[in-house]
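Each chain, written out:
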Amino acid sequence: MLEVLTGTGLAASAGLNAYIPLLTMGLLARYTDLIDLPSGWQWLGNGWVLAILAVLLAVEVVADKVPVVDHVNDVVQTVVRPTAGGLAFGAGATSETVTVSDPASFFSSNQWVPVATGVLIALGVHLLKSAARPVVNATTGGVGAPVASTAEDATSVVMSVVAILLPALVLAFLLGLALFVFWFRRRRADRRREREAARAAGFRV
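All values derive from a computational prediction rather than experimental measurement.

Q: When you look at the overall build of the chain in this model, what are you seeing that I'm missing?
A: Each helix and strand in the chain was counted, giving eight helices and zero strands. Out of the 205 residues belonging to the chain, those deemed buried represent 40%. Counted over contacts in the chain with a minimum sequence separation of 6, partners at least 24 positions apart contribute 73%. With the model as given, the accessible surface of the chain reaches about 10,900 Å², and the carbon-plus-sulfur share is 71%.

Q: Looking at this structure, how should I read helix H3 (residues 47-63)?
A: Structural remark: α-helix, 3.6 residues per turn; residues separated by three or four positions point the same way. The terminal C-alpha atoms of H3 lie 25 Å apart, and with 17 residues this matches the ideal 24 Å at 1.5 Å per residue to within 8%. Those residues of H3 not exposed but buried are Leu50, Leu53, Leu57, Glu60 and Ala63. For H3, the angular spread of buried residues about the axis comes to 150 degrees, placing them on one side. Residues of H3 that are exposed and point more than 90 degrees away from the buried face comprise Trp48, Ile52, Val55, Val59 and Val62. For H3, the N-terminal cap is Asn46; the gap from its side-chain oxygen to the backbone nitrogen of Trp48 is 2.8 Å.

Q: Looking at this structure, I do not really get the packing of helix H2 (residues 19-31) against helix H7 (residues 144-165). What am I missing?
A: Two quantities define a packed helix pair, namely the angle between the axes and the distance from one axis to the other. Running from amino to carboxyl end, H2 crosses H7 at an angle of 45 degrees, the nearest separation of the two axes being 9 Å. Comparing their axes, H7 and H2 come out oblique. Two packed elements cross with a definite hand, and for H2 against H7 that hand is right-handed. Mapping the contact onto sequence places Ile20, Pro21, Thr24, Met25 and Leu28 in H2 and Asp153, Ser156, Val157, Ser160, Val161 and Ile164 in H7. Taken together, the residues of the contact of H2 with H7 sort by class into seven nonpolar, three polar and one charged.

Q: Any chance you could explain the pattern of salt bridges here in plain terms?
A: Pairing is possible between side chains that carry opposite charge, provided their charged atoms lie close to one another. According to the stated counting rule, one finds eight salt bridges in the structure shown. Measuring nitrogen to oxygen at the nearest pair gives 2.8 Å for the salt bridge that ties Arg81 to Glu60. You can see Arg81 sitting in helix H4 (residues 69-92) and its partner Glu60 sitting in helix H3, a full 21 residues away along the chain. Overall, the relative accessible area of 0% leaves Arg81 in the buried class.

Q: Help me out: how do you make sense of H2 in this one?
A: The end-to-end C-alpha separation of H2 is 18 Å, in line with the 18 Å expected for 13 residues at 1.5 Å each. Restricting attention to buried positions, one finds in H2 the residues Tyr19, Ile20, Pro21, Leu22, Leu23, Thr24, Met25, Gly26 and Leu28.

Q: I'm lost on the side chain of Gln77 in this one. Help?
A: As for its placement among the helices and strands, Gln77 is situated in helix H4. When residues no more than four places from it in sequence are discounted, the contact partners of Gln77 are Ala18, Tyr19, Glu60, Pro82 and His126.

Q: I tried to follow unusual backbone geometry on my own but got confused; where do I start?
A: Residues apart from glycine generally show negative phi values, whereas peptide bonds are mostly found in trans. Look at Val68: it is not a glycine, yet its phi comes out positive at around 75 degrees. Residue classification places Val68 among the exposed residues on the basis of a relative accessible area of 62%.

Q: Is there a simple way to think about the confidence of the model for the chain in this case?
A: Low-confidence regions, as indicated by low pLDDT, have predicted coordinates that should not be scrutinised in detail. Considering every residue of the chain, the mean pLDDT works out to 79; 81% of them sit at 70 or more. Per-element mean pLDDT across the chain ranges from 46 in helix H5 (residues 103-108) up to 93 in H3. Considering only residues more than four positions removed or in separate chains, one finds that residues 95-107, a stretch of pLDDT under 50, has 24 contacts.

Q: Even after reading the chapter, I still don't get the environment of Leu23, so can you show me in this structure?
A: Among the structural elements, Leu23 can be located in helix H2. Through-space distance from the C-alpha of Leu23 to that of Ile52 is 9.5 Å; in sequence the pair is 29 residues apart. Discounting residues that sit within four places of it in the chain, Leu23 has contacts with Leu50, Leu53, Ala54 and Leu57.

Q: Looking at this structure, I do not really get the nonpolar core. What am I missing?
A: The nonpolar side chains of a soluble globular protein tend to be buried with one another. Core analysis: the biggest nonpolar cluster contains 29 residues, and Leu22 and Met25 have the highest contact counts within it. Breaking this core down by element, the ones donating at least two residues are helix H1 (2-16), H2, H3, H4, helix H6 (112-140), H7 and helix H8 (170-204).

Q: Help me understand the packing of H2 against H3, please; the structure alone is not making it clear to me.
A: Their axes nearest at 10 Å, the elements H2 and H3 cross at an angle of 150 degrees. Every pair of crossing elements has a handedness; the one defined by H2 and H3 is left-handed. Of the residues in H3, those in contact with Tyr19, Ile20, Leu22, Leu23, Gly26, Leu27, Arg30 and Tyr31 of H2 are Gly47, Leu50, Leu53, Ala54, Leu56, Leu57 and Glu60. Here the residues of the contact of H2 with H3 sort into eleven nonpolar, two polar and two charged.

Criteria and cut-off values
- Residues numbered from 1 in each chain as written.
- Predicted model: local features only at pLDDT ≥ 70, side-chain atom pairs only at ≥ 80, totals over all residues.
- Heavy atoms only, no water.
- Helix = DSSP H or I, 4+ residues; strand = E, 2+ residues; numbered from the N terminus.
- Buried < 20%, exposed > 50% of the residue type's maximum accessible area, 1.4 Å probe, protein only.
- Contact = heavy atoms within 4.5 Å.
- Areas by Shrake-Rupley, 256 points an atom, 1.4 Å probe, with all protein chains shown as cover.
- Expected span 1.5 Å × (residues − 1).
- Arc of directions from axis to C-beta.
- Polar contact = N/O pair within 3.5 Å; in protein donor to acceptor, adjacent residues only side chain to side chain.
- Axes fitted to C-alpha atoms, helices over the stretch in contact; angles between N-to-C directions.
- Parallel < 35°, antiparallel > 145°, perpendicular 65-115°, else oblique.
- Left-handed = near helix turned anticlockwise from the far one by under 90°.
- Nonpolar A, V, L, I, M, F, W, Y, C, P; charged D, E, K, R; others polar.
- Salt bridge = Lys/Arg side-chain N within 4 Å of Asp/Glu carboxyl O.
- pLDDT = per-residue confidence, 0-100.
- Core = buried A, V, L, I, M, F, W, Y, C linked by side-chain atoms within 4.5 Å.

As C-alpha cells, then:
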C-alpha cells in the first residue's frame, strides 16, 4: 500500500513538473540511502541522466513563468508530463517495468499497469494545471503566472519528497487536490454566469 502511495504521489508531482520527481528520485538514490531503486530503474541515478534532467528542469522552470510561453509549454508537456508520471509511478512503486526486452511478456504479465496508472494520474493533474493557468493569467493580467508556477514547482518538490519519505501523507494531498477541483469548477461556473449576466444587461441597454 505504501509503495502505491509513493508511486501515486510521484506521478501527481510529475503532472505539475515532469522533471522534479525523476530528479528527486535519482539524486536520493545516488547520494543517499533513502530510496533503493529497482534494478530496472537504476539508470535514474546515472550522472548523465541527472545532468540532462537538471537542464530540462531549468528550461521548464523559466518557460512556465512567462505568460503565453507557459501555454505553449503546457501543450508540449501534455506528452512529457504523463510519460514522466508513468516512469515515476513505476519506479516509486518498485515495479520493474522500464527495461522491456520482450514486449509480449511486458503486456501479458501486467507489468504495464503501474506505468499506465502513473500516466493517467499525471495526465489528470496536468490537465487541471493547464486549465487553471489561463484563468490565473486572465484575472491577473499575466502577473500571477510566475507566482502560480513557483507554487506549483514548490508543491511538486514537497510532494516528491513526501511521497518517498512519508507516503501516508499523499492521502492529504489527494484530498486537497479534490477540494481544489471542486472549488475550481465552482469558480468557473460562477464566472460563466457573471459573463452571461453582463451580456444580457448589455443587450437590454
